[in-house]
Amino acid sequence: MEISIVNNMIHFMREGEIGTISAIKEGCIRFKATASMKLSDENWTLLPDTDCNAHAWQEGNVTFLQTGNLKLRMEENGSVSYWSKDKLLIREQPEQTFGFGYRNYRSIGSGLWKIRVTFEANEQEQFYGLGHERMNVFSKKGCTVDLRHLNTKCSMPYVYSSLGYGFLWNLPSTGTAELANNRTRWSSDSAKCVDYVVIEGSPKEVCKKLTDLTGHAPLMPEWALGFWQCKLRYENQEQILEVARKYKELGVPISVIIIDYFHWTEQGDYRFDPKYWPNPKEMADKLHEMGIKLMVSMWPTINEHSENYQYMLQHNMLLRTVSGSNRVFDFYGPQAEIDPSNPQAREYIWNRLKENYIDNGVDQMWFDEAEPEIHPEHFDNILMYAGRGDEVGLMYPYFYSQLVYDGMKKMGRDDVVTLSRCAYLGAQKFGTVVWSGDIRSSFESLTEQIKSGLNMAMCGIPWWNTDIGGFYGGNIESDYFRELIVRWFQYGVFCPVMRLHGSRDGHDRSRDIKEPTGGDNEIWSFGEKNLPILSELIALRYRLIPYIKEQMDIASNEGIPVMRPMFLNYPKDEVCYQTGDQYFFGEDILFAPISVQGQTQRKVYLPEGIWILTKDKTRYEGNTWVTISAEIHEFIAFVKDGAKVLEVF
C-alpha cells in the first residue's frame, strides 16, 4: 500500500482502492475510499471543514491520525480502527480469511457502486439514533434497519454508541444499517465512494460536534412553543375561525392553527380554493388579531390539471423515472412529484407559495408527503436533479425544507418553522419541525413514539413531535380513546412541539366536498370530564414556555436536544442506557409517561441527586427505582432539587 501525508491528511492507494483520511473537526475523523480511480468531492450535508488540531504520521507499516482524543490506526492491509486514548472504539472486520476483504465494492455502472463496510461487534455496545420508526426499541443494538424514507419512517444514517462515539454514514443513498451481535455493517445501494465520519466524545460533546458538522437549528420563536391545533381536515375558512373563537371563549391559549390538505384547487396549484376559502387574507388577519399563527399544508404531488404542471415538466422540475411514466404516486389520479433538489424548482415553487400563501397572511408551511411517498418504492427508478434516487434519495426532505427556508430568508424572515413529515441530517438548520407521520391511535403506538423521539433527538434534530392522539383509528366517543388522548396530551406537554392532529373516526362523505373530513378533534371533543384536564395541560405548557425557550436556545447554540435520553444528562450511569420509557425534558425535568391502557402507577428510575415529584413536592433520593401513582388527571414528572422550574407546577 502506498501512503502519502499532506497537511495531516492521509492519502492511500492499494490494489483496487484509493482514499483519504482527514480530521474535519477536533475529535472527528472522516474516512473516504473508492474502487474508482477518482474520489468524489461531494460533502452532502456536511458543512465545510474547519481548521483543527491534527497530526498524521507513520510508524513502520502502520499509519496514524490523531485529533483531540480520537486516534485512527491504519494497517498495511488497509484495515482501520479508531481509539479514544487507549480505548478501542470501533475496528473494521474482514469479510475473508487471513484478514482480507476490507470494504466491499460491486459496480452498478456509471461510476456507482454497491458498497458495504463491516466492523467488529461489541456485546457491551448500545446504539441510539437512525431517526424514527414504528418499532418499540430504544437501543438499536441487535436491529437491522433499512435506510429509506417512508410515511412514519425517517431514516437518519447516524448512531451514537454507548462506548463514546458517534458514527455518521455520510451517504444519502438507500441501504441498510446492521447493528447485529456478530457484526456492525453499513451498506449503500448506490454510491461513488465509502464516506463516513467517526466523532469521539461524551453524549453531549458528540451532539455538539454533530451539529457543528451538519448545522445548528435556528433559535425557535417563542410562539412556536405553545399549543398547535389541527385536524384532518378543516373544510373552509369559517370553520377555522369558529374553532379559534371557541378556544378564546374558553380561555384556552392557542398559538398555531393548521389548514390541512385539499384546501387547494388542484394538486400542484399551491393556492386556496376560492369556493371554500374566499378571502384567506381576511381569515389570516382575524387569526392574527387573536394572537394565532396560520400554517398551511402543501404536498409535493402534481398532475397535468395543475396550472404549474406544464411549466415544471418542460423545465425539468419534476422527478423523472428511468423507465415508465413519471407518475409515482396515485391519489385522486396518478401524480408526479416535484424535484426540490433542483435549485430552479425550489425558487419557482417558493414564488408560488409566497404569492398565494405568504402574501395572503399565511405564516408558515407544512410539508406533508415529504419522504416523498412513491409507489412502488423503487428508488433506483427515480431520477433527481441531484442524482439517481437510490444514490441521493434520502436528501429529498432536506431540499424540500431548504425551499421555504431560502425563500423566507430572502424576504428577511428569521422565524422559519416548517413542519415536515421527514428529514435528513442537517435539515435542522432550515428550521424543520419533524413529526412522526400517520401513526395509529393506540397505546402501543404511544409507547413506540417515546422511544422514537429519543432516537431522533440523538440525530441532531431538536424540533420533533407526534400527532397528539395518533393519526388514524381514534373513536372520540370511546372510553379507550378518551383515556388515550389524555395520556398523549401529557406526553405532548413534554415534547419540543405540542401539536394536536388526527383523522378521527366519523368521516363525512355526505356532502359535495373535495376530500372527506374526519371527526371532531378539538379539546372539547373528547368528553366533559377531559376538557378541564386538557385545558390545564395546555395552561401548564404555557407556564413552561420560559423554561422550554431556555432549553431550545441551548439546542440551537450547543446542539444538545430538549428531549433527552437519560444517558445524555447522566452518561456514567449504566441504567440510563437501558431506560427508554422515560427521559429528560431539558436539563431539570425528568418525565415518565404512562403509555399503557388502564395503568395508574409505574416504576421510575431516578439517577444521582435529589428529585422532587411535581404533583405533591415529595423529595426522593436518587440512584434508585421508585413506584409512583398517577390517576388519569395526573402525570409523573420530577424536577431536580434547586431548579426554578418547579415553581410552575
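In the block above lies the structure referred to throughout.
Residues numbered from 1 in each chain as written. Predicted model: local features only at pLDDT ≥ 70, side-chain atom pairs only at ≥ 80, totals over all residues. Heavy atoms only, no water.

Engineer: Residue-level account of the overall build of the chain, with values.
Structural biologist: Scanning the chain for helices and strands turns up 11 helices and 43 strands. Put simply, the chain has 649 residues, and 63% of those count as buried. Contacts in the chain between residues far apart in sequence, at least 24 positions, make up 70% of those at least 6 positions apart. Between the mean site of the 68 positive side-chain charges and the mean site of the 87 negative ones, the chain shows a separation of 1 Å. (Helix = DSSP H or I, 4+ residues; strand = E, 2+ residues; numbered from the N terminus. Buried < 20%, exposed > 50% of the residue type's maximum accessible area, 1.4 Å probe, protein only. Contact = heavy atoms within 4.5 Å. Lys, Arg positive; Asp, Glu negative; His and termini not counted. Charge placed at Lys NZ, Arg CZ, Asp CG, Glu CD.)

Engineer: Let's hear about the pairing of strand 30 (residues 432–435): which residues, and what values?
Structural biologist: The side chains of a regular strand alternate, first on one face of the sheet and then on the other. Side-chain alternation along strand 30 places Thr-432 and Val-434 on one buried face and Val-433 and Trp-435 on a second face that is also buried. As defined by bridge partners, strand 29 (residues 418–420) adjoins strand 30 across 3 bridges and the pair is classed as parallel. Paired with Leu-419 across the two strands is Val-433, which belongs to strand 30. Where strand 30 meets strand 31 (residues 464–465), 2 bridges bridge the pair, whose relative direction is parallel. Following the sheet pairing, Val-434 is matched in strand 31 by Trp-464. Read from strand 30 through helix 8 (residues 443–457) to strand 31, the crossover connection turns out right-handed. (Pairing = 2+ DSSP bridges. Right-handed = clockwise from strand over helix to strand, strands pointing away.)

Engineer: Could you give an account of the pattern of salt bridges, naming the residues involved and the relevant values?
Structural biologist: Scanning the entire structure with this criterion turns up 42 salt bridges. Between Arg-73 and Glu-75 there is a salt bridge whose closest N-O contact spans 2.5 Å. The partly exposed category is assigned to Arg-73, whose relative accessible area is 29%. Using a relative accessible area of 24% as the deciding quantity, one classes Glu-75 as partly exposed. (Salt bridge = Lys/Arg side-chain N within 4 Å of Asp/Glu carboxyl O.)

Engineer: Lay out the side chain of Asp-273 in plain terms, naming residues and giving numbers.
Structural biologist: Counting through the fold element by element, Asp-273 comes out in the loop between strand 20 (256–259) and helix 3 (280–289). Relative accessible area serves as the criterion here: at 11%, Asp-273 is assigned to the buried category. Excluding residues that lie within four positions of it along the chain, Asp-273 makes contacts with His-263, Trp-264, Thr-265 and Lys-514.

Engineer: Run through helix 9 (residues 479–493), naming residues and quoting values.
Structural biologist: Taking 1.5 Å of rise per residue, the 15 residues of helix 9 would be expected to cover 21 Å, and the 22 Å separating its terminal C-alpha atoms lies within 8% of that figure. Taking burial as the measure, the 15 residues of helix 9 include 12 buried ones, the bulk of the element. Buried within helix 9 we find Phe-481, Glu-483, Leu-484, Ile-485, Val-486, Arg-487, Trp-488, Phe-489, Gln-490, Tyr-491, Gly-492 and Val-493. (Expected span 1.5 Å × (residues − 1).)

Engineer: Quick one: what's the story with the state of the cysteines, residue by residue and with numbers?
Structural biologist: If you walk through the whole model with that rule in mind, you get 0 disulfides. Take Cys-154: it sits in no disulfide, and the sulfur closest to it among the cysteines is that of Cys-422, at 3.8 Å. For Cys-154, a relative accessible area of 0% gives the class buried. (Disulfide = S-S within 2.5 Å.)

Engineer: With reference to specific residues and values, describe the packing of aromatic side chains.
Structural biologist: The relation between two aromatic rings is expressed through the spacing of the ring centres and the mutual angle of the planes. All chains considered together, the criterion is met by 55 aromatic pairs. Look at Phe-31 and Tyr-196: their rings are 5.3 Å apart centre to centre, the planes differ by 15°, and that puts the pair in the stacked class. Of the two residues, Phe-31 is situated in strand 4 (residues 28–34) and Tyr-196 in strand 18 (residues 194–200); the sequence distance between them amounts to 165 residues. Each member of the pair, Phe-31 as well as Tyr-196, carries the same accessibility label: buried. Residues Phe-443 and Tyr-480 carry aromatic rings whose centres are separated by 5.3 Å and whose planes lie at 90° to one another, so their mutual orientation is edge-to-face. Of this pair, Phe-443 sits in helix 8 while Tyr-480 sits in helix 9, and the two are 37 residues apart along the sequence. Take Phe-443: its relative accessible area is 2%, and that puts it in the buried class. Each member of the aromatic cluster is reached from another via a ring pair, and the members are Phe-12, Phe-31, Tyr-82, Phe-119, Phe-167, Trp-169, Trp-186 and Tyr-196. Across the ring face of Tyr-348, the terminal group of Arg-352 is positioned such that the distance to the ring centre comes to 4.9 Å. Geometry around Phe-430 places Lys-429 over its ring, the cationic atom sitting 5.2 Å from the centre. (Phe/Tyr/Trp six-rings, centres within 6.5 Å; stacked < 30°, edge-to-face > 60°. Lys NZ or Arg CZ within 6 Å of the ring centre and 35° of its normal.)

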